[in-house]
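Architecture at a glance
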Protein chains: 2
Amino acid sequence: MYLNNHISNMMIMTDIKQPYNIRKYIDGDWKETTENVCIESNYDLIINDRLIARFTILPIQLENFVVGYLISEGIIDNIEKIKLIQVGESHIHVSIPEIKFTKEEFETFELRTSGYKGPLEFSTNPIEPLITTLEIKPKIIFKTQKILKDRAIIWKETGGTHQAAIFDEKGNLKAFAEDCGRHNAIDKVIGMLYKKKINPEQYFLITTGRLSYGMVSKVARAKIPLLVSNTAPLSKGIDLARKVGIKLVCFSREPKLNVY
Amino acid sequence: MYLNNHISNMMIMTDIKQPYNIRKYIDGDWKETTENVCIESNYDLIINDRLIARFTILPIQLENFVVGYLISEGIIDNIEKIKLIQVGESHIHVSIPEIKFTKEEFETFELRTSGYKGPLEFSTNPIEPLITTLEIKPKIIFKTQKILKDRAIIWKETGGTHQAAIFDEKGNLKAFAEDCGRHNAIDKVIGMLYKKKINPEQYFLITTGRLSYGMVSKVARAKIPLLVSNTAPLSKGIDLARKVGIKLVCFSREPKLNVY
């Protein structure tokens, strides 16, 4: 029934992780080292020659992914309906002869990139590089993470939110938000900052979410030069941050943090 | 400049959390109790009378959210371009006279629901209720979570993945996946299960992600009757699970778990 993924047989570890040079801070000391980062790849799902969705995905088990997606989104209810799955470098083609998309269904092209709308951007302008002199000491970052945690009252009650906050270089809180989506929380604090009409280049943003391409691009467009998370970066997030001059601080958990 | 959110002045705690009756297991004992759950709401973003995006969002700070979103997605580069923001029950209308969407931009309608494509579904069929007799003992669930953690080799190296797995009622592993997206990880294991052509109603699915509407709907369409997470549920996830007969186990951390 399936034409097997022609990539899967060639799968090597560089498809799932990539080493990056970083600076690591541990309790007062800095050192240069490397850390492995999870790969984000983009794939377009094409059913019967129609572009249906674009995914940001770890590029392994792609045939399993497509079968599961077709079932779990109600596109098919029976695996026998799939005539062919072909996985390429950045496209997954599926043939399901029974499916005739209606005009309305065809128009509901999905941008599924874990919350970020992905490469099809409203703005076709490239993100402008930032030039900043902002330097934040680790002890200020750890202090602001405590403030973030103190303010997370919805999270304390429900466990269901991400938090985001913006601080000045002395660690004074300028904006705080909680949301069920990590991207929404970032948008909320960026909105608060912009409504105050102050120069964003003197501030940094803290989030509880992973630093994917989508998260970094939001902060880059908002012209905030430093982005902090207690958790991991993803590969395209680091690549974009380096391209546009944003500093990423990840795995920030007192007394340690990594600078990418 | 802004017409203020007419809802924000009426904001009450029921907008951000909702109590649910649950059964709580602690180290051998069960009790009936209630827990607060974070609210998921859907809002459509309409710019100059055109539907641009649909969000799943915690319904507070919506004006801040919209300002931030417009900046962070590159739709505007200056807050002065916004003439009006009007927040309604399920719509946010924005007037930006300078923007004339091109045909292509208009067609890139975004379904931004933190990874789930949201209410515009490919399948217009309602999700069929499951009738199941599957009962899994907490000790089996805790055992399978240890297996999940052992298998998470990409996560151990990068910290950047979610994991998902499917087990039978005795706790035997049937499918495992890691991905940078929690939805992708679920799709991958559902795909593995369906490729084996075995009845999904005798299995349960474990994930490391929060149980939102999108996560629950995927598992419901795959006809898997029990969904387990070490973290929180969201309101619409519980509502859907109850409607279609799926059991949710959340905050499962030995020796405790909650059944919703």
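Preceding this paragraph is the structure being described.
Residues numbered from 1 in each chain as written. Chains lettered and ligands numbered in written order. Predicted model: local features only at pLDDT ≥ 70, side-chain atom pairs only at ≥ 80, totals over all residues. Heavy atoms only, no water.

1. Digging into unusual backbone geometry
Residues and elements named next belong to chain A. Which entries qualify depends on this criterion: The way it works is that DSSP assigns letters per residue, a run of H or I at least four long becomes a helix, a run of E at least two long becomes a strand, and they are numbered from the N terminus. For the exposure calls, accessible area comes from a 1.4 Å probe over protein chains only, and a residue counts as buried if that area is under 20% of its type's maximum, exposed if over 50%, partly exposed in between.
Of note, the bond from Glu254 into Pro255 is cis; its omega dihedral lies within 30 degrees of zero at 10°. Structurally, the position occupied by Pro255 is in the loop between strand 12 (247-253) and strand 13 (256-259). Here Phe251, not a glycine, exhibits a phi torsion of approximately 50°, which is positive. Looking at the element boundaries, Phe251 is found in strand 12. Of the residues examined, Phe251 reaches a relative accessible area of 19% and is grouped as buried.

2. Points about the relation of the copies chain B and chain A
The test is simple: For this overlay, a least-squares fit was computed on C-alpha atoms, restricted to residues scoring pLDDT of at least 70 in both copies. Whether two residues touch is decided by their heavy atoms; if any such pair falls within 4.5 Å, the residues are in contact.
Superposing chain B onto chain A takes a rotation of 180° plus a shift of 0.0 Å along the axis, which leaves an RMSD of 0.0 Å. What the rotation and shift describe, once combined, is the action of a two-fold rotation axis. Comparing contact sets, 100% of the residues at the interface of chain B also lie at the interface in chain A, consistent with an isologous, same-surface contact.

3. Notes on the packing of helix 5 (residues 182-195) of chain A against helix 6 (residues 213-221) of chain A
All names here are of chain A. Cut-off, in case you're wondering: Lines fitted to the C-alpha atoms define the axes, with helices restricted to the stretch that makes contact. Angles between their N-to-C directions range from 0 to 180 degrees. Our angle categories are set so that under 35 degrees counts as roughly parallel, over 145 as roughly antiparallel, 65 to 115 as roughly perpendicular, and the remainder as oblique. Residues are grouped as follows: Ala, Val, Leu, Ile, Met, Phe, Trp, Tyr, Cys and Pro are nonpolar; Asp, Glu, Lys and Arg are charged; all remaining types, including Gly, are polar.
In contact at an axis separation of 10 Å, helix 5 and helix 6 are set at 5° when each is read in the N-to-C sense. For the element pair helix 5 / helix 6, the angle class is roughly parallel. Listed contacts from helix 6 to Arg182, His183, Ile186, Asp187, Ile190 and Tyr194 of helix 5 are Gly214, Met215, Lys218, Val219 and Arg221. Of the residues assigned to the contact of helix 5 with helix 6, the class counts are 5 nonpolar, 2 polar and 4 charged.

4. Quick word on the interface of chain B and chain A
Selection criterion: Note on definitions: buried area is the accessible-area loss of two parts on being combined, 1.4 Å probe, summed for both. Each reported salt bridge corresponds to a side-chain nitrogen of Lys or Arg within 4 Å of a carboxyl oxygen of Asp or Glu. Counting of polar contacts relies on pairs of N or O atoms within 3.5 Å, with two restrictions inside protein: one atom must be capable of donating a hydrogen and the other of accepting it, and residues adjacent in sequence are counted only when both atoms are side-chain atoms.
Across the contact, 74 residues belong to chain B and 74 residues belong to chain A. Regarding the contact of chain B and chain A, the summed buried area is about 6500 Å², with carbon and sulfur atoms giving 58% of it. Taken together, the connections running from chain B to chain A amount to 8 salt bridges. Glu73 of chain B is paired through a salt bridge with Lys218 of chain A; the nearest N and O atoms lie 2.8 Å apart. Seen at the junction of chain B and chain A, the total is 30 residue pairs in polar contact (both at pLDDT 80 or more). Contributions of two or more residues to the side of chain B that touches chain A are made by strand 2 (29-38), strand 4 (50-57), helix 1 (62-72), strand 7 (110-112), helix 4 (153-158), strand 9 (173-179), helix 5 (182-195) and helix 6 (213-221) of chain B. A total of 9 residues in the side of chain B that touches chain A trace back to one element, the largest contributor, which is helix 5 of chain B. Of the residues in the side of chain B that touches chain A, the class split is 33 nonpolar, 22 polar and 19 charged.

5. A few points about helix 5 of chain A
All names here are of chain A. We apply this condition: How far a helix is expected to stretch is found by multiplying one less than its residue total by 1.5 Å.
When the terminal C-alpha atoms of helix 5 are compared, their 20 Å separation across 14 residues agrees well with the 20 Å that a helix rising 1.5 Å per residue should span. The buried fraction of helix 5 amounts to 13 of the 14 residues, a majority that puts the element mostly inside the structure. Directly after helix 5, the chain includes Lys197, whose backbone phi takes a positive value near 55°.

6. Focus on the packing of aromatic side chains
Given two aromatic rings, one states the distance between the centres and the angle between the planes to describe the pair. Residue and element names in this part refer to chain A. To keep things clear, this is the line we draw: Ring pairs are drawn from Phe, Tyr and Trp, using the six-membered ring of Trp, whenever the two centres fall within 6.5 Å, and their geometry is named by plane angle: stacked under 30 degrees, edge-to-face over 60, tilted for the rest.
In total, this model carries 12 aromatic pairs over all chains according to the counting rule given. Aromatic side chains Phe55 and Phe65 sit 4.8 Å apart centroid to centroid with 80° between the ring planes, which places their arrangement in the edge-to-face category. Of this pair, Phe55 sits in strand 4 (residues 50-57) while Phe65 is found in helix 1 (residues 62-72), placing the two residues 10 residues apart along the sequence. You'll find Phe55 and Phe65 in the same group, each marked buried. Relative to Tyr69, the ring of Phe55 has its centre 4.9 Å away and its plane inclined at 80°; by these criteria the two rings are edge-to-face. With a gap of 14 residues between them, Phe55 in strand 4 and Tyr69 in helix 1 connect regions that are remote in the sequence.

7. With respect to the packing of helix 5 of chain A against helix 1 of chain B
Direction vectors running N to C along helix 5 of chain A and helix 1 of chain B enclose 90°, while the axes themselves pass 6 Å from each other. Put simply, helix 5 of chain A runs roughly perpendicular to helix 1 of chain B. Residues Asn184, Asp187, Lys188, Ile190, Gly191, Met192, Tyr194 and Lys195 of chain A of helix 5 of chain A pack against Glu63, Asn64, Phe65, Val67, Gly68, Tyr69, Ile71 and Ser72 of chain B of helix 1 of chain B. Grouping the amino acids of the contact of helix 5 of chain A with helix 1 of chain B by side-chain chemistry returns 7 nonpolar, 5 polar and 4 charged.

8. Points about the pairing of strand 13 of chain A
All names here are of chain A. Condition: What makes two strands pair is DSSP finding at least two bridges between them.
Alignment of strand 1 (residues 17-26) against strand 13, held across 4 bridges, turns out to be antiparallel. Paired with Lys24 across the strands is Asn258, a residue of strand 13. In the sheet, strand 12 pairs with strand 13 via 3 bridges, with the strands oriented antiparallel. Residue pairing for strand 13: Arg253 is matched across the bridge by Lys256.

9. Structural notes on the pattern of salt bridges
One pass over the structure, following the stated rule, counts 26 salt bridges over all chains. Its salt-bridge partner being Lys81 of chain A, residue Asp77 of chain A comes within 2.9 Å of it at the nearest N-O pair. One salt bridge in this structure joins Arg54 of chain B and Asp44 of chain B, with 2.4 Å as the shortest N-O distance. Residue Arg54 of chain B is found in strand 4, and its partner Asp44 of chain B is found in strand 3 (residues 41-47); the two are separated by 10 residues along the sequence. Overall, the relative accessible area of 13% leaves Arg54 of chain B in the buried class. By sharing partners, the salt bridges in this structure join Glu73 of chain A together with Asp187 and Lys218 of chain B into a single network.

10. Things to note about the environment of Leu62 of chain A
Structurally, the position occupied by Leu62 of chain A is in helix 1. Exposure remark for Leu62 of chain A: the relative accessible area of 3% places this residue in the buried category.

11. Regarding the sheet that holds strand 11 (residues 226-229) of chain A
All names here are of chain A. Pairing is mixed in the open sheet, where 8 strands are placed in the order 2-1-13-12-11-10-8-9. Each having just a single partner strand, strand 2 (29-38) and strand 9 (173-179) make up the two edges of the open sheet. Taking each pair of neighbouring strands and ignoring which way they run, the sheet shows an average axis angle of 25°. Where strand 8 (residues 162-168) lies against strand 10 (residues 203-207), 5 bridges are found, and the strand directions are antiparallel.

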